[in-house]
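Chain residues, written in single-letter form:
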Amino acid sequence: MAIACVTTRASLGIDAPQVTVEVHLSNGLPAFNLVGLPETSVKEAKERVRSALINAGFEFPQRRITVNLAPADLPKQGGRYDLPIAIGILAASKQLPHTSLKSHEFVGELALSGHIRPCQGLLPVIVAARRQNSQLVIPLENRGDADLVGYQHTHFASHLQGLSEYLHGQQTLPTIGTQLEWVSAENEPQPKCISDVIGQYQAKRALEIAAAGNHNLLFLGPPGTGKTMLASRMMQLLPPLSYDEALEVAAIHSVAGRTIPVTQFYQRPFRSPHHTCSSISLIGGGGHPKPGEISLAHRGVLFLDEVAEFPRKVLDCLREPMETGEVVISRAAAKLTFSCRFQLIAAMNPSPCGDTANARATPDQIQRYLSRLSGPFIDRFDLTVDVPRLPEGTLNQPQTNTETSQDIAKRVKLAREQQIHRAGVLNAELTGKQLTQTGGFNTADLEFLEQSVNKLGLSVRSYHRLQRVARTIADLAQSPRVERPHIAQALGYRAMDRLLNSLRSPY
């Protein structure tokens, strides 16, 4: 019977569901029909496959060809189905042995000459094939993705003729190296050091607390005080990714059409979108949904410079993903979920003219400017810190505190290890129940904190966020219990609340 089945994989967010390519050759007028919910880019595979088979020296059967991509309710797009369709036609026309297709999966786009071109988003395909323990054949130019996963049963093909010889058992295809050398994060260059920042000791301390507990941080200060410079030093304070975390991040970037170099495999991502970006580019979406900036910042840092210049509706789109750690993009054809557990760091000026001291703007104008950030969005920052102008003479004085990023990173790593050992998660992810069970607070200090929250007019969410920050401060001090000074220090990092209160009662 002139029928063949070839296995490949589709792209559905960061998943790669299995697709069976069924090819049937029947008598009748020559025709080439493609069914199974193919989109335009897949329908065009008919012409690419026809030319590729002829130019590679194979016979294109002059029969009625029906190709079914199952399951039929799964949308399919892209050129990744070219290679399995061509293999299916060759097997159905008995130009390839059926037995050679067993336990094999094929993914690749075909050139008209028969060469196999690379495809985007193949890293989830390799991970899924490893889970099924199948033999995977992908384009040679996608070797970088295979090296990141390290799956030994991945084969690389560059032309249909070489692949045909492999399936006939006449030669072997290249595979990944058996001795992969992973580049450790310690060997990567770290040119930016926090010791380059002059002064701003409170902001540096807040940056250390944010790094230790994975807290969201807002820098508030006039232009030129070092807010962006401080935020860029965050990456040197954070520990490198684990292998599973790095593979998770690389899969998201692969789906987005981006390649992570091997030398940066363990680096946490740092994304800094411009304030003119749209909500779709920030959150994700599109006709064929792709990850947005918040998903590309997964396990890393999302830095919003001049956050007050972002449209308010764009910023409010961040509120739910910041709480849940994932974003769900619903379309008529599919519902995709992308992970987005990122740490948010933002910077802004306290007034539209840049500074509240000697400001040209009135209190009403400053309030309208600050109202670009909604209250619920501001509420999601654990720390808001003043970054004031440096006192006169500071620039020419020798620095007394020359602590480097490596020194702070050691304390951050130790504090993070304590948090994982105590509760299994970092402090920023602690629930209210976990704070009660493992927080180490006494009743009198919690009553003091509640009174302070009520006096400042803060929400219940802020009450719990202050507890988490105080717990992180205690971890950095190697204290098993949270003391009153730790809570008082956490209350000191509420610069936005103090600014708003001063505008309400200027006298």
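As shown above, the structure is provided for reference.
Model, not experiment: these values are computed from the prediction.

**Details of the side chain of Glu-208**
Inference 1: Structurally, Glu-208 can be placed in helix H7 (residues 201-213).
Inference 2: Within polar-contact distance, the side chain of Glu-208 engages the side chain of Arg-411 at 2.8 Å.
Inference 3: Glu-208 has contacts with Leu-237, Ile-408, Arg-411, Val-412 and Leu-476, leaving out every residue within four places of it along the chain.

**Some thoughts on the packing of helix H19 (residues 460-476) against helix H20 (residues 484-492)**
Inference 1: The geometry of H19 relative to H20 is characterised by a closest axis approach of 8 Å and an angle of 120 degrees between their N-to-C directions. Taken as axis vectors, H19 and H20 run oblique relative to one another. Handedness of the crossing formed by H19 with H20: right-handed. Where H19 abuts H20, its residues Leu-466, Val-469, Ala-470, Ile-473 and Ala-474 lie against His-486, Ile-487, Gln-489, Ala-490 and Leu-491.

**Topic: the nonpolar core**
Inference 1: Among the nonpolar cores identified, the biggest contains 45 residues, and Leu-217, Phe-219, Met-234, Ile-345, Leu-383 and Val-385 are the most heavily contacted of them.
Inference 2: Discounting chain neighbours no more than four positions away, the residues touching Met-234 are Leu-207, Ala-210, Ala-211, Val-301, Gln-343 and Ile-345.
Inference 3: Core analysis: the next-biggest nonpolar cluster, separate from the first, contains 43 residues, Ala-10, Val-49, Leu-69 and Ala-86 among them.

**Here's the deal with the pairing of strand E10 (residues 217-220)**
Inference 1: Here E10 shows two buried faces, one formed by Leu-217 and Phe-219 and the other by Leu-218 and Leu-220.
Inference 2: Direction of pairing for E10 relative to strand E17 (residues 343-348): parallel, over a ladder of four bridges. The residue bridging Leu-217 from the neighbouring strand is Ile-345, located in E17.
Inference 3: Pairing of E10 with strand E18 (residues 383-386) involves four bridges; the strand directions are parallel. Of the residues in E18, the one forming a bridge with Leu-218 is Thr-384.

**Concerning the packing of helix H16 (residues 405-423) against H19**
Inference 1: Put simply, H16 and H19 touch, their axes get as near as 9 Å, and they point 120 degrees apart. Pair H16 / H19 crosses with right-handed handedness. Across the interface between the two elements, Arg-411, Ala-415, Gln-418, Gln-419 and Arg-422 of H16 pack against Arg-471, Thr-472, Asp-475 and Leu-476 of H19.
Inference 2: Of the residues that constitute the contact of H16 with H19, the class distribution is two nonpolar, three polar and four charged.

**Looking at the sheet that holds E18**
Inference 1: Pairing is parallel across the open sheet formed by five strands, whose spatial order is E11-E14-E17-E10-E18. Looking at strand neighbours, the two that pair on one side only are strand E11 (270-271) and E18, the edges of this open sheet.
Inference 2: Bridge count for E11 against strand E14 (residues 301-305) is two bridges, and the pairing is parallel. Residue pairing across strands places Phe-270 opposite Val-301, the latter belonging to E14.
Inference 3: Sheet contacts for helix H21 (residues 495-504): E10, E17 and E18; angle to E18, the most-contacted strand, approximately 70 degrees.

**Digging into H20**
Inference 1: Every buried residue of H20 is listed here: His-486, Ile-487, Ala-490 and Leu-491. Buried residues along H20 cover an arc of 140 degrees about the axis, so they all sit on one side.
Inference 2: The elements touched by buried residues of H20 are helix H18 (443-456), H19 and H21.

**Regarding empty space enclosed by the protein**
Inference 1: Under the criterion given, the structure shown has one cavity of 30 Å³ or more.
Inference 2: Considered as a void within the structure, the largest cavity measures approximately 30 Å³ in volume.
Inference 3: Forming the boundary of the largest cavity are Ile-378, Phe-381, Thr-384, Arg-494, Met-496 and Asp-497.
Inference 4: For the lining of the largest cavity, the per-class residue count stands at three nonpolar, one polar and two charged.

**Digging into the pattern of salt bridges**
Once the charged atoms of two side chains with opposite charge are near each other, the side chains can pair.
Inference 1: Using the criterion set out here, one finds 25 salt bridges in the structure.
Inference 2: Ionic pairing is found between Arg-461 and Glu-323, a salt bridge with its closest N-O pair at 3.6 Å. Of this pair, Arg-461 sits in helix H19 while Glu-323 sits in helix H13 (residues 319-324), placing them 138 residues apart in sequence.
Inference 3: Note on Glu-323: relative accessible area 40%, which makes it partly exposed.
Inference 4: The shortest N-O distance in the salt bridge between Arg-411 and Glu-403 comes to 2.5 Å.
Inference 5: When its relative accessible area of 29% is taken as the criterion, Arg-411 is described as partly exposed.
Inference 6: Connected through salt bridges with shared partners, the residues Glu-323, Asp-379, Arg-380, Asp-382, Arg-461 and Arg-465 form a single ionic network.

Rules and cut-offs
Residues numbered from 1 in each chain as written. Predicted model: local features only at pLDDT ≥ 70, side-chain atom pairs only at ≥ 80, totals over all residues. Heavy atoms only, no water. Helix = DSSP H or I, 4+ residues; strand = E, 2+ residues; numbered from the N terminus. Polar contact = N/O pair within 3.5 Å; in protein donor to acceptor, adjacent residues only side chain to side chain. Contact = heavy atoms within 4.5 Å. Axes fitted to C-alpha atoms, helices over the stretch in contact; angles between N-to-C directions. Parallel < 35°, antiparallel > 145°, perpendicular 65-115°, else oblique. Left-handed = near helix turned anticlockwise from the far one by under 90°. Core = buried A, V, L, I, M, F, W, Y, C linked by side-chain atoms within 4.5 Å. Buried < 20%, exposed > 50% of the residue type's maximum accessible area, 1.4 Å probe, protein only. Pairing = 2+ DSSP bridges. Nonpolar A, V, L, I, M, F, W, Y, C, P; charged D, E, K, R; others polar. Arc of directions from axis to C-beta. 1 Å grid on protein atoms, 1.4 Å probe; cavity = no way out; pocket = protein on both sides within 12 Å on 5 of 7 lines; lining within 4 Å. Points joined across faces, edges and corners; volume = space filled by probe spheres on them. Salt bridge = Lys/Arg side-chain N within 4 Å of Asp/Glu carboxyl O.

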